[in-house]
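For reference, the chains in residue letters:
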Amino acid sequence: MKQKIIVKVQMNCGKCRTKAMKIAAVAEGPCVISVAIEGQEKDRVVVVGDGVDSASLTHCLRKKVGYATLVSVEEVKPIEKAKEKEKEKENDDKPKPAVQWTTCCQGPQLYIATMDCPEQPTCSIM
């Protein structure tokens, strides 16, 4: 079960914000998916993860950064992923260009062109 944990932390400088993000990224628990700082005053640490212990995260932030308060813990709903997949499918429906250029990065750069002829499947270039 993915959780979204919001902790309000007293952070006065950029160094404190960096330290708080590092602590949240290696929080006790099997899997932290994302860490962000939100709020008008940039004083809220948002952690999204699977099985993250919110109480121990708040305790670590309080011990190493400063005053910290657990604001909310809520479940992340998988509906957002379904919307993202639909958007990707819409982008896939766009026609591909007739010539695609790709580069090979190892050694000297080579440009390889591939051509598609959707109207004439038996097209040949001599």
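How each quantity is defined
Residues numbered from 1 in each chain as written. Predicted model: local features only at pLDDT ≥ 70, side-chain atom pairs only at ≥ 80, totals over all residues. Heavy atoms only, no water. pLDDT = per-residue confidence, 0-100. Helix = DSSP H or I, 4+ residues; strand = E, 2+ residues; numbered from the N terminus. Expected span 1.5 Å × (residues − 1). Buried < 20%, exposed > 50% of the residue type's maximum accessible area, 1.4 Å probe, protein only. Arc of directions from axis to C-beta. Contact = heavy atoms within 4.5 Å. Pairing = 2+ DSSP bridges. Axes fitted to C-alpha atoms, helices over the stretch in contact; angles between N-to-C directions. Core = buried A, V, L, I, M, F, W, Y, C linked by side-chain atoms within 4.5 Å.

## Regarding the confidence of the model for the chain
Part 1: Chain-level statistics for the chain give a pLDDT mean of 77 and a share of 64% at 70 or above.
Part 2: By mean pLDDT, strand E5 (residues 99-104) is the weakest element of the chain at 49, and strand E4 (residues 68-75) is the strongest at 93.

## Looking at helix H1 (residues 14-25)
Every α-helix winds through 3.6 residues per turn, so residues three or four apart in the chain are directed the same way.
Part 1: When the terminal C-alpha atoms of H1 are compared, their 16 Å separation across 12 residues agrees well with the 16 Å that a helix rising 1.5 Å per residue should span.
Part 2: Those residues of H1 that fall on the buried side of the exposure criterion are Ala20, Ile23 and Ala24. Summarising the axial view, the buried residues of H1 lie within an arc of 95°, below the 170-degree limit, and thus occupy one face. With respect to the buried face of H1, the exposed residues turned more than 90 degrees away are Lys15 and Lys22.
Part 3: Its buried side turned inward, H1 meets strand E2 (31-38), strand E3 (44-50) and helix H2 (54-64).

## Digging into the sheet that holds strand E1 (residues 2-9)
Part 1: On the basis of which strands lie adjacent, the open sheet formed by four strands has the order E2-E3-E1-E4 and antiparallel pairing. The open sheet has two free edges, formed respectively by E2 and E4, since each of these has just one partner strand. Neighbouring strand axes in the sheet, compared pairwise and without regard to direction, differ in orientation by 20° on average.
Part 2: The strands touched by H1 within the sheet are E2 and E3, with E2 carrying the most contacts at an inclination of about 160°.
Part 3: Sheet contacts for H2: E1, E3 and E4; angle to E4, the most-contacted strand, approximately 155°.

## Section: the side chain of Ser54
Part 1: With respect to the element layout, Ser54 can be found in helix H2.
Part 2: Residues contacting Ser54, with those up to four places away along its chain left out, are Ile5, Leu70 and Val73.

## Quick word on the nonpolar core
Part 1: Core analysis: the biggest nonpolar cluster contains 16 residues, and Val7, Val9, Met11, Val45, Leu57, Leu61 and Val65 have the highest contact counts within it.
Part 2: For this core, the secondary structure elements donating two or more residues are E1, H1, E3 and H2.

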